[in-house]
Amino acid sequence: MMHSMTRVNGKILWANMHLLFWLSLVPFATAWMGENHFAKNTMTIYGFTLLMAGVAYWILQNLIIASQGKDSVLKKAVGKDWKGKSSPILYMIGIAFSFFNEWLSGAVCVFVALMWLIPDKRIERTLEHLEKDKNNW
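Attention here is on the structure that accompanies the text. (Residues numbered from 1 in each chain as written. Predicted model: local features only at pLDDT ≥ 70, side-chain atom pairs only at ≥ 80, totals over all residues. Heavy atoms only, no water.)

Looking now at the packing of aromatic side chains. One pass over the full model with this rule turns up five aromatic pairs. Here Trp 22 and Phe 48 contribute two aromatic rings whose centre-to-centre distance is 5.8 Å and whose plane-to-plane angle is 85 degrees, an arrangement assigned as edge-to-face. Residue Trp 22 is located in helix 1 (residues 10-35), and its partner Phe 48 is located in helix 2 (residues 40-68); the two are separated by 26 residues in the primary sequence. Phe 48 sits in the partly exposed class, given a relative accessible area of 38%. With centroids separated by 6.2 Å and ring planes inclined at 15 degrees, the aromatic side chains of Phe 28 and Trp 32 adopt a geometry described as stacked. Of this pair, Phe 28 and Trp 32 both sit in helix 1, four residues apart, which is roughly one turn of that helix. What makes Phe 28 exposed here is its relative accessible area of 55%. (Phe/Tyr/Trp six-rings, centres within 6.5 Å; stacked < 30°, edge-to-face > 60°. Helix = DSSP H or I, 4+ residues; strand = E, 2+ residues; numbered from the N terminus. Buried < 20%, exposed > 50% of the residue type's maximum accessible area, 1.4 Å probe, protein only.)

So, in structure tokens, the structure goes:
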């Protein structure tokens, strides 16, 4: 995502720091959840941490697209972005499940992780196409 950028501003830097902050809390939430054998409150905190990381990623992505303009490489590459839009919704469902059944909550978190495990080559393909078009001129 960062390779698609042509310029950076303060908002993008702050959004990146926001994402890094939430990602830095994931090991703590994971360890706490494991130590307490997937207790309801720890599953809620784990889901919340992942939700906030997903929201921070979405904010960063949208700020990059806004700063690069309507014809930005990232906007072309992202397209409809079903993974990015569905992840926070699924995390909220997982948080809701944590109040009733912590195993369902964990299953939702695992599903989202597996969804992102498949590499997303959209940005690479878009950059390659732009490079080929540039070389053809």
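In this section: the environment of Trp 103. Mapped onto the elements of the fold, Trp 103 is located in helix 5 (residues 102-117). Judged by its relative accessible area of 58%, Trp 103 falls in the exposed class. With 46 residues separating them along the chain, Trp 103 and Tyr 57 place their C-alpha atoms 26 Å apart.

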